[in-house]
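A structural walkthrough
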Amino acid sequence: MGCGEGGCGACTVLISRCVNSESNEIEYRTVNACLTPICSIDGCHVLTVEGVGSVNKSNLHSIQIRLGELSGSQCGYCTPGMIMSLYAILSNDKEMFSSLKDIEDSLDGNLCRCTGYRPILDTAKTFARDFSEIYCEKSKSSTTFDKCQSYVEQNSLGFDRIAFPDRLRNYVRESIHIEGKSFDWYRPISLDELLRLRHQFPGNESKLIFGNTTVHLERISCRRLISLIDIKQLQNIEQTNDSLIIGAGVTFARLKTNLNTSTNDFSRALLDQLKHFASTQIRNVASIGGNIIAASPVSDINPILIAAHAQVELHRFDCDQPRLISINEFFLENHRVAIEENEILVGIHLNLPKSTNRYFLRSYKQARRRDDSRGIVSAAFQLQLDEQEKISSVCFAFSGMSSKTITTSNTQRKIIGLRWNKQTFDQICQLIIEELPLNNRSPGGQIQFRYSLIQSFLFKFYSFVCQQLKSNNTLSIESFDRPVSHAQQTVVGTSLPHRSAFLHTTGEAIFIDDIPSLENTLHAKFVLSTKANAKIVKIDIEKASNVVGFVSFVSCDDVPGTNKPNGSLPDEEIFASSIVLAVGTIIGIVVCENEQAAQLACELVEIQYEQLPTKNIFSIDDAIEQQSFFGDEILLNQGNVDEIFSNAEHFVEDTIYIGGQEHFYMETNACIVIPSNDDKEIRIYTGCQSLSTLQELTAQVLDRDVSQVICQTKRVGGAFGGKESRT
């Protein structure tokens, strides 16, 4: 349930461990439970929302009470994650309470689809030590701000923290090897042991895992997983006046904390990206080494490392001397790196030039949203000028423009020795556009937009350098830092808490996935089309049927009633009978004794297709050209449009293209179906919004009377309207 990939934060839990037994220093980290292997938390204290407080135990925490009473939940599916993120920032702060900005930033990995963030942030900010700095317009009526103020007065009572277990304070980590049915888990505790394991199981025989943010998302299956989280040699940060060595196992959260006190250009450039890089939960577990090895062509971090001329340090068991290689040479195309099958990335080496008014390093990024989103284009620029303000060294690094993070070597070579001025800037823009060719087949599209982003980044960098050089006629361009958000509403009458508010805040609200399974429950998984506009020739379930726990495959041939019920789309089939119109069309379902077997069997169903002739209609322009329309035109027409336009003094005409939007539900569509043993009656537990529609369509498909179909919904988790018709 939920997104299953660390994107929504609904499954946030708090992991704490003793990092120094002598000083009793406890580290608190919020993580996404969906990304965290159970094997990786050995020796840690795990706190879930149920452990913070419970309605059943009548011991609600002040966070849970305030969020409930301040109307901070609606469907309640995201609420447990919100509670845990807020609890973590307040537990981790050495002072009694955190600042407004820190509290707001801590929620960057938690999405809400229905409540709206105002009441959630109101709850969080009542715990801020600088709450009094919020400016609020005075009102004669009662406002939500007034209610928040009443809670702030209670902060003098302190903040309840769940005590860290004493038995874990002196926990000694040891090497672990866990043998499982699907894979083996290894946890070495020294670099030598890690090198030995990687030498024993090189290449695809094992997979190195740290935060599991990439391995999980790419659904990489491997027989052996080797955990790196307890190897101290990978977690060192060594900094001098002119060098910086970062261990490959340093998390982005820890790196951000350490660089906050640095003043060198590299630290500032990296911090500019880390401000909006991923989310708090991801930064807490993801390492810089993992980011490098993933070699993503849209990485926000790798351009900075290239521009700073970083080197990577590689070790192997059968060689005493480490290998150093330029990170620019380390990146190959298509997520590949220049590493041997038994090598380990141990650290990243950087030389830190002395801060002068002639050396500059800056980073830039434009994403689809400000937080927790990869850049469409990310860039890092390094420039060294001599005393005559001529270019002596330069590097322009980009991600999002090729199959790897790239530099513009031809441009860099041609501008060496040129004076830094507007003429040179114009030449740089032209040369870079010529050196980075994109076409309509380039992944990601948005060709002109990406070119405009490059020019925008270059102009910002040019303006920044000119400002530092105190050149005349230069625009002042500053980065925008949004202030802490605030809003208030006037309260009419008396506000009442949501009836299920405290069940939401304690995680005790029951959704579909929380309903206990009955004995002999079977699990179903959709088999989806991998082709568009194709004819199904053959469905082969032989391999799927050999999966342990396989029960049946259900297709259009097994539907007792109609396969084309009269739903919101009358011509839509339950299971595709012959033609699949799109990738993802439902062809059938596999039914197995457990969820894992259903997932595996689903992937083993083999389908042969015959590709049908296509008109290649990918845009509105294509549809107009080929006269392909959906029925009659639907329009709203009020007044005499032609007359109004003929009398208009000015005309402004342009074309705007609006693409489709990607939506997901916090609680994914799911249901539990319980057939009756003595008649044709079935009971459906579902999270949909239109029970009568579900009841009627189910009766049509099963060829039963409507009275024999009983549908029940307790609550709907983050429907966003989509669960009304797609039942």
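Computed from a predicted structure; not experimentally measured.

Looking at the overall build of the chain
When its secondary structure is counted, the chain shows 23 helices and 25 strands. Taken against the 2.2 N^0.38 rule, which gives 27 Å for 727 residues, the C-alpha radius of gyration of the chain at 29 Å falls within 12% of a compact globule. Along the first, second and third principal axes, the C-alpha atoms of the chain reach 90 × 75 × 75 Å. Evaluated residue by residue, the chain yields a buried proportion of 43% over its 727 residues. In the chain, 69% of the contacts between residues at least 6 apart in sequence involve partners at least 24 apart. Each charge sign in the chain was given a centre, from 68 positive and 87 negative side chains, and these centres are 5 Å apart.

Focus on the pairing of strand E18 (residues 534-540)
In terms of strand pairing, E18 meets strand E20 (residues 579-580) through 2 bridges, oriented antiparallel. Bridging across to E20, alanine 534 finds its partner in valine 580. Relative to strand E22 (residues 606-611), E18 runs antiparallel, the two sharing 6 bridges. Bridge pairing in E22 links lysine 535 to glutamate 610.

Quick look at the sheet that holds strand E15 (residues 391-399)
Strand order in the open sheet formed by 4 strands is E13-E14-E15-E16, and the pairing between neighbours is antiparallel. Every other strand in the sheet has two partners, leaving strand E13 (359-367) and strand E16 (406-407) as the edge strands with one partner each. When E15 meets E16, the two strands line up antiparallel, connected through 2 bridges. Paired with phenylalanine 398 across the two strands is isoleucine 406, which belongs to E16.

Notes on the pattern of salt bridges
Inspection of the entire model under this criterion finds 20 salt bridges. Aspartate 166 is the salt-bridge partner of arginine 169, the closest N and O atoms lying 3.2 Å from each other. Among the residues examined, aspartate 166 registers a relative accessible area of 59% and is labelled exposed. Lysine 543 serves as the salt-bridge partner of glutamate 606, at 2.9 Å between the closest nitrogen and oxygen. Pair noted here: glutamate 606 is in strand E22 and lysine 543 is in helix H19 (residues 542-545), with a separation of 63 residues, a long-range link. Using a relative accessible area of 36% as the deciding quantity, one classes glutamate 606 as partly exposed. When salt bridges with common partners are traced through the structure, they connect Arg17, Glu27, Arg29, Asp42, Arg173, Arg187 and Asp230 into a single cluster.

Let's talk about a negative patch on the surface
Among the surface-exposed residues, Glu50, Asp513, Asp514 and Glu595 lie close enough to one another that they form a single negatively charged patch. Within the fold, glutamate 50 resides in helix H1 (residues 49-52). By relative accessible area, glutamate 50 is classed as partly exposed at 41%.

Describing helix H3 (residues 79-92)
With 14 residues, H3 ought to run about 20 Å at 1.5 Å a step, and its terminal C-alpha atoms sit 20 Å apart, in line with that. Of all 14 residues in H3, 12 are buried; the element is thus mostly enclosed. Of all the positions in H3, only Thr79, Pro80, Gly81, Met82, Ile83, Met84, Ser85, Leu86, Tyr87, Ala88, Leu90 and Ser91 are classed as buried.

Some remarks on the environment of asparagine 302
By the element assignment, asparagine 302 lies in helix H13 (residues 302-307). On a C-alpha basis, the gap between asparagine 302 and alanine 380 in space is 8.8 Å, while along the polypeptide they are 78 residues apart. Sequence-distant contacts of asparagine 302, that is, excluding residues within four places in its chain, are made with Asn291, Ile292, Ala295, Ser296, Phe331 and Thr405. At 3.1 Å, the side chain of asparagine 302 forms a polar contact with the side chain of asparagine 291.

Description of the sheet that holds strand E7 (residues 224-227)
In space, the 4 strands of this open sheet follow the order E4-E5-E7-E6, with mixed pairing throughout. The strands lining the two open edges of the sheet, one partner per strand, are strand E4 (176-179) and strand E6 (207-209). The sheet shows a mean angle of 20 degrees between the axes of neighbouring strands, direction not considered. Where E6 lies against E7, 3 bridges are found, and the strand directions are parallel. Bridging from a neighbouring strand, leucine 208 pairs with isoleucine 226 of E7.

Section: the packing of helix H16 (residues 422-435) against helix H17 (residues 447-469)
Where H16 meets H17, the closest approach of the two axes is 10 Å, and the angle between their N-to-C directions is 155 degrees. Taken together, H16 and H17 sit at an angle that is classed as roughly antiparallel. The two elements H16 and H17 meet at a crossing, and its hand is right-handed. Between H16 and H17, the residues in contact are Lys422, Phe425, Ile428, Cys429, Ile432 and Ile433 and Tyr451, Ile454, Gln455, Leu458, Phe459 and Tyr462, respectively. Considering only residue class, the contact of H16 with H17 consists of 10 nonpolar, 1 polar and 1 charged.

Observations regarding the nonpolar core
As a rule of thumb, soluble globular proteins bury nonpolar side chains together. In terms of nonpolar packing, the biggest core is built from 45 residues, with Ile63, Leu90 and Phe127 touching the most fellow members. Mapped by element, the contributors of at least two residues to this core are strand E1 (12-20), strand E2 (25-32), H1, helix H2 (62-69), H3, helix H4 (100-105), helix H5 (117-125) and helix H6 (144-152). The element best represented in this core is H3, accounting for 7 residues. In contact with leucine 90, other than residues within four places in its own chain, are Ile63, Phe97, Ser98, Ile103, Phe127, Phe159 and Arg161. Of all hydrophobic cores here, the second largest spans 43 residues; its members include Ala278, Ile292, Leu314 and Leu361.

Overview of the packing of aromatic side chains
Enumeration according to the criterion identifies 16 aromatic pairs in this entry. With 5.6 Å between their ring centres and 65 degrees between their planes, phenylalanine 381 and phenylalanine 398 make a pair best called edge-to-face. Note that phenylalanine 381 is positioned in strand E14 (residues 375-385) and phenylalanine 398 in strand E15, a separation of 17 residues in sequence. For the pair phenylalanine 381 and phenylalanine 398, a shared accessibility class is recorded, and that class is buried. Ring centres of tryptophan 420 and tyrosine 462 lie 5.8 Å apart, and the angle between their planes is 40 degrees; on these two criteria the pair is classed as tilted. One end of the pair, tryptophan 420, is in the loop between helix H15 (409-415) and H16; the other, tyrosine 462, is in helix H17, with 42 residues separating them in the sequence. Taken as a pair, tryptophan 420 and tyrosine 462 share a single burial class, namely buried.

Analysis parameters
- Sequence order as written defines residue numbering, which begins from 1 separately in each chain.
- Selection of residues for local features in this predicted model requires a pLDDT of at least 70, selection of side-chain atom pairs for listing and counting requires 80 or more, and totals for whole chains, interfaces and linings are taken over all residues.
- Values shown for side chains rest on all heavy atoms present in the structure; no hydrogens or waters enter the calculation.
- Every helix listed is a DSSP run of H or I at least four residues long, and every strand listed is a run of E at least two residues long, numbered separately from the N terminus.
- Within these notes, the globule rule equals 2.2 Å times the number of residues to the 0.38 power, and the radius of gyration is based on C-alpha atoms.
- We call a residue buried when its accessible area falls under 20% of the maximum for its residue type, exposed when it is over 50%, and partly exposed in between, using a 1.4 Å probe and counting protein chains only.
- Here a residue-residue contact requires only that any non-hydrogen atoms of the pair lie within 4.5 Å.
- Residues counted as positive are Lys and Arg, residues counted as negative are Asp and Glu, and His and the chain ends are not counted.
- All charge positions are set by atom: Lys at NZ, Arg at CZ, Asp at CG, Glu at CD.
- Pairing between two strands requires that DSSP report at least two bridges joining them.
- Salt bridge, as used here, is a side-chain nitrogen of Lys or Arg placed within 4 Å of a carboxyl oxygen of Asp or Glu.
- Patch criteria: residues need more than 30% relative accessible area and no salt bridge. Like-charged residues are merged within 9 Å; nonpolar side chains of Val, Leu, Ile, Met, Phe, Trp and Tyr are merged within 5 Å.
- Only the protein chains shown count as cover for residues, and the accessible areas themselves come from Shrake-Rupley with a 1.4 Å probe.
- In this analysis, the expected span of each helix is defined as 1.5 Å times one less than the number of residues it contains.
- Identification of polar contacts relies on pairs of N or O atoms within 3.5 Å, with a donor-acceptor requirement for protein atoms, meaning one able to donate a hydrogen and the other able to accept it, and with residues adjacent in sequence counted only if both atoms are side-chain atoms.
- Whenever a helix is involved, its axis is fitted only over the stretch in contact; in every case the axis is a line through C-alpha atoms, and angles between N-to-C directions fall within 0 to 180 degrees.
- Should an angle fall under 35 degrees it is taken as roughly parallel, and over 145 as roughly antiparallel, whereas 65 to 115 is taken as roughly perpendicular and any remaining angle as oblique.
- Take the far helix as the reference: if the near one is turned anticlockwise from it by less than a right angle, the crossing is left-handed, and if turned clockwise, right-handed.
- Classification convention: Asp, Glu, Lys, Arg as charged; Ala, Val, Leu, Ile, Met, Phe, Trp, Tyr, Cys, Pro as nonpolar; all other residues, Gly among them, as polar.
- Among buried residues, the Ala, Val, Leu, Ile, Met, Phe, Trp, Tyr and Cys ones that are joined through side-chain atoms within 4.5 Å form a nonpolar core.
- The rule is short: rings of Phe, Tyr and Trp, with Trp giving its six-membered ring, pair when the centres are within 6.5 Å, and they are stacked under 30 degrees, edge-to-face over 60, tilted in between.

By themselves, these figures tell us nothing about what the structure is for.
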